[in-house]
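Notes for the structure review
Read off the chains here:
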Amino acid sequence: SYSGAKLLLHGLCSNTTVRSLDLKGNNLRTVGAEALGKLLRQNKSIRSLILEWNSLGVWEEGFSSFCQALGTNRSLQRLDLRNNQINHQGAGELAMALKQNASLQELDLRWNNIGLLGGRALLNCLHSNKTLKRLELAGNNVPSDILKAVEQAMDHNRDRQTLLGETQNRVHVLTKELWSLKDEKNQQLLDLMDTIDKQREEITKSGRVSAARVSQLQEALDEQRSIMNSLKAKLQMTEAALALSEQKGHDLGELLTAAKQEQTSMAEHHFKELQQQKQEAGNREGKLLRDLSAASEKHLILRNQVDELEKKCKVQQEQLFQAKQDLTNTTAELKVRAVQAEERLEMEKRRFKQGLADVEALRIKEVDRVTQQLEASERSMQERIQRLEAIRIALEEELSQAKAAALTERGQAEEELLRARSQARLEEQQRLEQLEEKLRLVAESRDEAQRCCLKQKQMVAEAQAKASQLSLHAEGLRRRLEELQQDLTSKEEEKVLEVNKVKVELQEQIGQLQVERTVQEGLREKIAALERQVKAMSSSHREALLDKEGEISMLLEKLRMKEADIARMREEEAQRASCLQNAIMAYVQGSPLGTHSSRK
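Residues numbered from 1 in each chain as written. Predicted model: local features only at pLDDT ≥ 70, side-chain atom pairs only at ≥ 80, totals over all residues. Heavy atoms only, no water.

Across its full length, the protein chain holds 10 helices and 5 strands. Against the compact-globule benchmark of 25 Å for 600 residues, the protein chain has a radius of gyration of 52 Å, which places it well outside the compact range. Projected onto its principal axes, the C-alpha coordinates of the protein chain cover approximately 185 × 70 × 30 Å. Looking at the protein chain as a whole, 27% of its 600 residues are labelled buried. Looking at the protein chain alone, contacts between residues at least 24 apart form 85% of all its contacts between residues at least 6 apart. Carbon together with sulfur atoms contributes 54% to the accessible area of the protein chain, which is approximately 40,400 Å² in total. With 94 positive and 95 negative side-chain charges, the protein chain shows a separation of 3 Å between the mean positions of the two kinds. (Helix = DSSP H or I, 4+ residues; strand = E, 2+ residues; numbered from the N terminus. Rg over C-alpha atoms; globule rule 2.2 N^0.38 Å. Buried < 20%, exposed > 50% of the residue type's maximum accessible area, 1.4 Å probe, protein only. Contact = heavy atoms within 4.5 Å. Areas by Shrake-Rupley, 256 points an atom, 1.4 Å probe, with all protein chains shown as cover. Lys, Arg positive; Asp, Glu negative; His and termini not counted. Charge placed at Lys NZ, Arg CZ, Asp CG, Glu CD.)

Taken together, the side chains of E34, E60, E61 and E93 make up a negatively charged region of the molecular surface. You can see E93 is positioned in helix α4 (residues 88–100). (Patch = residues over 30% accessible without salt bridge, like charges linked within 9 Å, V, L, I, M, F, W, Y side chains within 5 Å. Salt bridge = Lys/Arg side-chain N within 4 Å of Asp/Glu carboxyl O.)

Positioned with a positive phi, N27 is a non-glycine residue whose angle comes to about 50°. Relative to the elements of secondary structure, N27 occurs in the loop between β1 (20–22) and α2 (29–42). Phi is positive for W53, which is not a glycine, with a value near 60°.

This part covers a nonpolar patch on the surface. On the surface, a nonpolar cluster with roughly 270 Å² of combined accessible area is contributed by L255, Y587 and V588. Within the secondary structure, V588 sits in helix α9 (residues 475–590). The exposure class of V588 is partly exposed, given its relative accessible area of 39%.

What follows concerns the pattern of salt bridges. Inspection of every chain in the model, using the stated rule, returns 14 salt bridges. The salt bridge partner of E184 is R524, with a shortest N-O separation of 2.4 Å. With E184 in helix α6 (residues 144–248) and R524 in helix α9, this pair connects stretches of sequence that are 340 residues apart. A salt bridge links E202 to R542, with the nearest nitrogen and oxygen atoms 3.0 Å apart. Here the residue E202 occupies a position in helix α6, and R542 occupies one in helix α9, the gap between them amounting to 340 residues. Judged by its relative accessible area of 37%, E202 falls in the partly exposed class. Residues joined in a network through salt bridges with shared partners are E52, D80, R82, D108 and R110.

So, on to the sheet that holds strand β4 (residues 106–108). Taken in spatial order, the 5 strands line up as β1-β2-β3-β4-β5 in an open sheet, and their pairing is parallel. Unpaired on one side and paired on the other, β1 and β5 (134–136) mark the two borders of the sheet. Strand-to-strand twist in this sheet, taken as the mean axis angle between neighbours without regard to direction, amounts to 0°. When β4 meets β5, the two strands line up parallel, connected through 3 bridges. (Pairing = 2+ DSSP bridges. Axes fitted to C-alpha atoms, helices over the stretch in contact; angles between N-to-C directions.)

Bringing the environment of R225 into the picture now. Locating R225 in the fold gives a position in helix α6. Spatially, the C-alpha atoms of R225 and K278 are 9.4 Å apart, while their sequence positions differ by 53 residues.

Here the focus is the nonpolar core. If you look at soluble globular proteins, the nonpolar side chains tend to sit buried side by side. Residues L36, L51, L79, L81 and L109 are the most contacted members of the largest nonpolar core, which totals 46 residues. Not counting residues within four places of it along the chain, the set of residues in contact with L51 comprises L23, L28, L36, L56, F66, L79, D80, L81, R82 and N84. (Core = buried A, V, L, I, M, F, W, Y, C linked by side-chain atoms within 4.5 Å.)

In the contact formed by helix α3 (residues 60–72) and α4, the axes pass within 7 Å of each other and the chain directions differ by 15°. One element, α3, and the other, α4, form an angle in the roughly parallel class. Classified by chirality, the crossing of α4 by α3 is right-handed. Note on element contacts: α4 touches α3 through Q89, G90, E93, L94, A97 and Q100, opposite E60, F63, S64, C67, L70 and G71. Considering only residue class, the contact of α3 with α4 consists of 5 nonpolar, 5 polar and 2 charged. (Parallel < 35°, antiparallel > 145°, perpendicular 65-115°, else oblique. Left-handed = near helix turned anticlockwise from the far one by under 90°. Nonpolar A, V, L, I, M, F, W, Y, C, P; charged D, E, K, R; others polar.)

Let us look at the side chain of E52. Tracing the backbone shows E52 in the loop between β2 (48–50) and α3. Accessibility expressed as a relative area gives 10% for E52, which makes it buried. Only 3.1 Å separates the side chain of E52 from the side chain of W53, close enough to count as a polar contact. Once you skip the residues sitting within four places of it in the chain, E52 turns out to touch L23, K24, G25, D80, R82, N83 and N84. (Polar contact = N/O pair within 3.5 Å; in protein donor to acceptor, adjacent residues only side chain to side chain.)

You can see S45 is positioned in the loop between α2 and β2. There is a polar contact of 3.5 Å between the side chain of S45 and the backbone oxygen of N15. A distance of 3.2 Å separates a polar atom in the side chain of S45 from the backbone oxygen of V18. When sequence neighbours within four positions are dropped, the list of residues in contact with S45 reads N15, T16, T17, V18, R19 and S75.

Packed helix pairs are specified by the crossing angle of their axes together with the interaxial distance, meaning the distance between the axes. Taken N-terminus to C-terminus, the directions of α4 and helix α5 (residues 115–125) make an angle of 5°; their axes are 8 Å apart at the nearest point. In this view, α4 runs roughly parallel relative to α5, as classed from their interaxial angle. Listed contacts from α5 to H88, A91, G92, L94, A95, L98 and K99 of α4 are L117, G118, A121, L122 and C125. Residues of the contact of α4 with α5, tallied by class, amount to 8 nonpolar, 3 polar and 1 charged.

Below is the structure:
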């Protein structure tokens, strides 16, 4: 029933899982057509809709609402409207919907009542619709020339969509390559930063260790200086004791002078040894300072290299950003050109519609007058039209052969370009000239192919001129045919020019991307060389640090030996001082002064 179909269609408006809907033979009429229009406005999941045997064209208001909803739909891809009694007015509504629709790919209108006017309306809408791939118009009383023009438009849409798919795939592949290159560069930069951070940490650690060792050496030198000061104080104490002993006994002068001479000689000897030790320590300190200055200079050099690498990375990032901007600009330009082309097509369609309206008005006036003349000339005209159609079919076959040859030559040229690029990556600069010559030859062959196409077009024009000479009696029909052919040729030339422009722009983008790829490879090589240099510098720095550590260990061992010698000297001096004190005390006790003092 109508209510059941209406409820079903209203329920499907909010559905998101159904992809195909078959309502064949349900006689939906006006209410069903309006419900279908609501479904097409709200549902975004249905891809295929079969409406065969439903008499939708009988009710003009319902079918017009259905066509308006079809124009706003963006998800439907296949529509079956066979045996729905659609007349030329319904075909006009469908044509207006197809001008707005951008998703429908297949439309079946077989076994309706479209007629000549409906076929023309559908043919005119195909100039603005670029997505429809299949349009069936059998059993509609549509002339054969309109059917052939519809087939040509469908072929053109298929070719255009294949070209668009190829360009989208190429752009997708290029974007993937760019993202992969960006990821590789980011990983390389991260690795470089990690290695630089590690080297900085190692340098700081080595600086800290060297500073600690220098502080230890300075502490050892301070200890030696304190020891020297204590020794000087002891010498002063001994000199004071000797002076007191001189005051006490002049008789011990010779012994004391001898002891003093011995002590001065020993002090001079010790003083010389201490000066030598000071000189050696000063020389070692100078060496350590020089090594520290050299290490600081290397550290500065490494910092400069790191800064240069960071600058290069920034330059690469800027180049990538510029490449992104170029890509966005090219896409924007392509979109603007497409919009301009669509506007031009719409203007031409309006002009063509106005011309058709004028021609139809004149035709309605002249039909009564020309009918009598046409009855006599129909037979001869039909024969001549058959001949012209045969000539046109032959010319179309020649054009298709020329297109196929151009496509094959284009494929060969692309293969040769790919081979030349693969060889250019492996060979040296000397073979670049040979590759450029090959590219010139390919360009010349392409120019020759274009010249051949132009010659064939000239032949087509000459054939059309001959056909115009043969069809002098049918001036009105011939003028219409010539106008249609001129419009088609101009539109085809514009489309060919647009396709060529798109191809040239894509080739330029590919060349720019290849140049950027070569630049990136050079940068990779430079980064690898810099990494090698950094590794060599780090290895040499490590070796120098190891050498310095060995020298420092040797210095520590020498310091330990000297400390042991100083301790030994201290013990010997203490023994000598004790011996001298004992001797002095014994001498004092044995002298007459000592006995006298003891007796008192």
